[in-house]
Amino acid sequence: MANFDLENISGVGPSIKNKLNSIGIFNSRDLCFHLPVNYQDRTKVVQLANAEVGKEIFIECEIASCQVLYRPRKMMIIKASDSSRSILIRFFYFNPGQAKQFRAKKIIRFYGALRLGAYGLEMIHPEYQIIDDSDMPTEQCLTAVYRTTKGLSQNQLRKFIKASISSYDGSDEIDLKKYGLVSKLSLIDALDNIHFPDKKIVIDDIAPGGQHPARQRLIKEEMIAFQVGMASLKDRQEHLQATALSTQGGWYKSVLRNFPYELTGAQKRVVDEIGIDIAKTAPMMRLVQGDVGSGKTIVAAISAAQSIDNNAQAAFMAPTTLLAEQHYINLKNYFPDYKESIALLTGSTKAKEKEKIKNGLSSGSIRLVIGTHALFQDDVSFLLLGLIIIDEQHRFGVNQRLSLRSKNIETALIPHQLTLTATPIPRTMAMSVYANMDISIIDELPPGRLPIQTTSLGMKKKEQLISRIEQACLKGSQVYWVCALIEESELMNANPVEETYEQIIKQIPSITCSFLHGKMKADEKLNTINEFKNGKTQIMVSTTVIEVGVDVPDADIMIIENAERFGLAQLHQLRGRIGRGSKQSHCILLHNESVGEIAHQRMDILKESTDGFYIAEKDLMIRGPGEIMGSQQTGVIPFKYTDLMRDSDYLEETRMIADKIYKEDKKNSEKLIQRWLSGSIDFADA
Ligand code: ADP
Ligand code: MG
């Protein structure tokens, strides 16, 4: 039997089934593919005298006493010892039955982290097993630790997985070797190894990020399945119908006439690529990658104009209200004769206004709508939506991206889709991750830009820095001062934005300064930005809300406070807010006095280059194994085990195999998709 329902596993009733479902497990096959996140070594007992404090260890002790105390809170304290030393075991959550188990002279094996408390060695809430007889054998395999949920214990999961694996006959296994996969292991062997590793295997090898062949085998199969899925998605897309948008008319002329600059060569090329695509009856799926500041907005505006000239509507989606508002202001300037046909729809649009816009969209009187998530709401529909533009794609949830697809009233026509991103993803990776899309690259910045000069500075010099900023502002500079998000645990301290703001206005009162953070009202935020844009304020202290898309070409200085807390991609994005005019811009990374090695390397890379692709490649190199790439960076990709950054070496090999399978064997392709992506491939369909 290859796959069966969860009810058939002994110990699984309705409530356990729900719990399993909640962690994405729906059948026995899902259990087989629920891979361990870590392992414990319970194969041999360690002597307390030889154990290292801080490590998780497996010990065997004789109980001396067990007491339930109520000071300061209820706890159960067990005194125990092995032949080398004694230890205190503490439980805060326990039932009376448990207290009875720990009678004097009982032999018990504990697994947990060894700590040094006020009374010597301790373990808190270890896992334990009562041993009747000290000769009882220890585990033969490393013990897997799984991702689980409340009310579903590790032991239960282990038991269910064991049952599923032992009846998994591998009959739906696909012979990937036939298509070029190099691996000594079959799928079933790999699964067996991963769940029940032999005690000789080193934990770091088999754990996530390790190089053990079993893990590599599964990661590769997942990558192959994903790429097969993308190929099939691309196929499906090509069979859908869209409106051909070929005419270039009044709107098109308007945007070209009113854009104040000459398009760069790269912009022209990409505009042409899009123009040709949307003139076809198959829906376009195109991703425009262009570094921060490369001028993606105008490319999108021209494409929108072409759609509208064909009696279709265009929707321009931005991830934040702030950015949508900025786009709205800019776009209206490109279409001065059509202002009445352009609308802004965000979460802060008033009910009455919203009603008007909704009517305009369904009647067709509104031709271009700029908006946020609000555009996804069920009650918004279009007369004929020809083109969807998604700005800063990685910021959107996938399901939201999906739901714009079916917005047209009374027509089966699918809108063309244009996606914009500045996320610098290395090329090989982009080819796989976005295999269902065509990619255009804007690889040229508008002329006259000077590379931003980046330096770093320790926090001790903050006061001095503020004085230097004063000098610069007196000469006409405009400054973004970005503070790191506060973590929950630090909330007792003042908000860093307000703290820095106070410090600045106190130290240099002659310079106008404002602040901006996520908790402010939408119109307050917009006001603050506009005042900064108009030059009314010279310094704007903010959180990372300004990270995406905000465009103030005159701003020429950026301070990033606590720069050590940001990832490279984010630092690069933030820095991209300056260097947009022809002035020399400066970025100062203000960092904590003591900074880790990786953070240092990040700052060095940033000082070295302003090229997003170069920075992305370097990012790949300095990331330690096992560091999970934030879903932010690629949009949400439904990988279970693969970390695209970490495992990027396999992309080439697995893509070739995937191509082959997809071309040669539709049945096996379907099987792979079913097994690995069951349902989730729609995720990428955005
Ligand atoms: P991004 O690609 O980061 O979205 P924007 O579209 O916001 O970049 O453009 C960044 C800035 O560059 C804007 O101020 C825009 O007006 C300006 N810009 C865009 N294209 C050109 C061009 N061809 N020549 C000069 N400036 C340009
Ligand atoms: Mg942009």
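Scoring rules and cut-offs
- Residues numbered from 1 in each chain as written.
- Chains lettered and ligands numbered in written order.
- Predicted model: local features only at pLDDT ≥ 70, side-chain atom pairs only at ≥ 80, totals over all residues.
- Heavy atoms only, no water.
- Axes fitted to C-alpha atoms, helices over the stretch in contact; angles between N-to-C directions.
- Helix = DSSP H or I, 4+ residues; strand = E, 2+ residues; numbered from the N terminus.
- Parallel < 35°, antiparallel > 145°, perpendicular 65-115°, else oblique.
- Left-handed = near helix turned anticlockwise from the far one by under 90°.
- Contact = heavy atoms within 4.5 Å.
- Pairing = 2+ DSSP bridges.
- Buried < 20%, exposed > 50% of the residue type's maximum accessible area, 1.4 Å probe, protein only.
- Core = buried A, V, L, I, M, F, W, Y, C linked by side-chain atoms within 4.5 Å.
- Domains from an automatic or database assignment.
- Expected span 1.5 Å × (residues − 1).
- Arc of directions from axis to C-beta.
- Salt bridge = Lys/Arg side-chain N within 4 Å of Asp/Glu carboxyl O.
- Phe/Tyr/Trp six-rings, centres within 6.5 Å; stacked < 30°, edge-to-face > 60°.
- Lys NZ or Arg CZ within 6 Å of the ring centre and 35° of its normal.

Colleague: Which parts of the structure should I look at to understand the packing of helix H7 (residues 213–238) against helix H21 (residues 651–664)?
Modeller: For any two helices packed against each other, one specifies the crossing angle of their axes together with the interaxial distance. Between H7 and H21, the least distance of the axes is 8 Å, while the angle of their chain directions is 50°. Considering their axes alone, H7 and H21 lie oblique with respect to each other. Considering only the axes of H7 and H21, their crossing is right-handed. On H21, the residues touching Lys-220, Met-223, Ile-224, Gln-227, Val-228, Ala-231, Ser-232 and Asp-235 of H7 are Leu-651, Glu-653, Thr-654, Arg-655, Ile-657, Ala-658, Ile-661 and Tyr-662.

Colleague: Help me out: how do you make sense of the sheet that holds strand E3 (residues 75–81) in this one?
Modeller: Pairing between sheet strands relies on hydrogen bonds along the backbone, with the strands arranged either parallel or antiparallel. In space, the 7 strands of this open sheet follow the order E6-E7-E4-E3-E2-E5-E8, with mixed pairing throughout. Looking at strand neighbours, the two that pair on one side only are strand E6 (115–117) and strand E8 (127–131), the edges of this open sheet. Recorded for the sheet is a direction-independent mean angle of 40° between the axes of neighbouring strands. In the sheet, strand E2 (residues 56–69) pairs with E3 via 7 bridges, with the strands oriented antiparallel. Within E3, the residue paired with Glu-62 across the bridge is Ser-81.

Colleague: I'm lost on the environment of Ala-430 in this one. Help?
Modeller: As for its placement among the helices and strands, Ala-430 is situated in helix H14 (residues 427–433). Ala-430 gets classed as buried once you look at its relative accessible area, which sits at 3%. Taking C-alpha positions, Ala-430 is 9.7 Å from Gln-289, a pair spaced 141 residues apart along the chain.

Colleague: I'm lost on unusual backbone geometry in this one. Help?
Modeller: Excluding glycine, a negative phi dihedral is what most residues carry, and trans is how most peptide bonds are arranged. Of note, Asn-311 is a non-glycine position whose phi angle comes to about 65°, a positive value. The topology assignment puts Asn-311 in the loop between helix H10 (296–308) and strand E11 (313–317). Take Asn-311: its relative accessible area is 64%, and that puts it in the exposed class. Positive phi, close to 55°, is recorded for Asn-562, a residue that is not glycine.

Colleague: What should I look at first to understand the nonpolar core in this one?
Modeller: Proteins that are soluble and globular tend to have nonpolar side chains buried together. By size, the foremost hydrophobic cluster in this structure holds 65 residues, and its most contacted members are Leu-20, Leu-31, Leu-191, Ile-224 and Leu-672. Broken down by element, the residue count for this core peaks at 10 residues, all from H7. Setting aside residues up to four positions removed in sequence, Leu-20 forms contacts with Leu-6, Val-12, Ile-25, Leu-31, Leu-152, Leu-157 and Phe-160. If you look at the next biggest cluster of nonpolar residues, it comprises 41 residues, including Phe-259, Phe-316, Ile-370 and Leu-384.

Colleague: Just to check I follow, could you spell out the domain arrangement of the protein chain for this structure?
Modeller: You'll often see interface size given as the accessible area lost when the parts meet. The domains assigned to the protein chain are domain 1 (6–36 + 147–207), domain 2 (44–138), domain 3 (250–442) and domain 4 (453–609). Distance from the C-alpha centre of domain 1 to the C-alpha centre of domain 2: 31 Å.

Colleague: Would you mind going over helix H17 (residues 522–533) with me for this structure?
Modeller: A turn of α-helix holds 3.6 residues, and therefore any two residues three or four places apart point the same way. Compared with an ideal rise of 1.5 Å per residue, which puts 12 residues at 16 Å, H17 spans 16 Å between its outermost C-alpha atoms and is within 8% of the ideal. Taken together, the buried positions of H17 are occupied by Lys-525, Leu-526, Thr-528, Ile-529 and Phe-532. Projected onto a plane normal to the axis of H17, the buried residues spread over an arc of 160° and lie on a single side. On its buried face, H17 sits against helix H11 (321–334), strand E18 (479–482), strand E19 (513–516) and strand E20 (539–542). At the C-terminal side of H17, Gly-535 shows a positive phi close to 85°.

Colleague: Whenever I open this one, the pattern of salt bridges confuses me. Can you help?
Modeller: Where charged atoms of side chains with opposite charge meet at close range, the side chains can pair. Within this structure, the stated rule accounts for 25 salt bridges. For Arg-158, the salt bridge goes to Glu-127, with nearest N and O atoms at 3.9 Å. In this pair, Arg-158 is assigned in helix H4 (residues 154–166) and Glu-127 in strand E8, connecting sequence segments 31 residues apart. Salt bridges here are not isolated pairs; linked through shared partners, they connect Glu-273, Asp-277, Lys-280 and Arg-286.

Colleague: In this structure, what is going on with the sheet that holds strand E13 (residues 368–371)? I would like to understand it.
Modeller: On the basis of which strands lie adjacent, the open sheet formed by 7 strands has the order E12-E13-E11-E14-E15-E10-E16 and parallel pairing. Edge positions in the sheet fall to strand E12 (342–345) and strand E16 (438–442), since each has one partner strand and no second. Pairs of neighbouring strands in the sheet enclose a mean axial angle of 20°, with direction left out of account. Across the sheet, helix H9 (residues 265–278) is in contact with strand E10 (285–290), strand E14 (385–390), strand E15 (416–421) and E16; its angle to E16 comes to roughly 160°.

Colleague: I would appreciate a short explanation of the packing of aromatic side chains in the present structure.
Modeller: Each aromatic ring pair is characterised by the separation of its centres together with the angle its planes make. The final tally for this structure, using the stated rule, is 12 aromatic pairs. Between Phe-110 and Tyr-128, the ring centres sit 6.4 Å apart and the planes meet at 45°, which makes this aromatic pair tilted. Here Phe-110, found in strand E5 (residues 107–113), pairs with Tyr-128, found in strand E8; they are 18 residues apart in sequence, far enough to count as distant. For the pair Phe-259 and Tyr-334, a centre-to-centre distance of 5.8 Å together with 75° between the ring planes defines the contact as edge-to-face. Residue Phe-259 is found in the loop between helix H8 (250–258) and H9, and its partner Tyr-334 is found in helix H11; the two are separated by 75 residues along the sequence. Since its relative accessible area comes to 12%, Tyr-334 is described here as buried. By the ring-pair criterion, three or more aromatic residues cluster together here, those being Phe-91, Phe-102, Phe-110 and Tyr-128. The positively charged end of Lys-162 is found above the aromatic ring belonging to Phe-196, 4.5 Å away from the centroid. Geometry around Tyr-650 places Lys-220 over its ring, the cationic atom sitting 5.0 Å from the centre.

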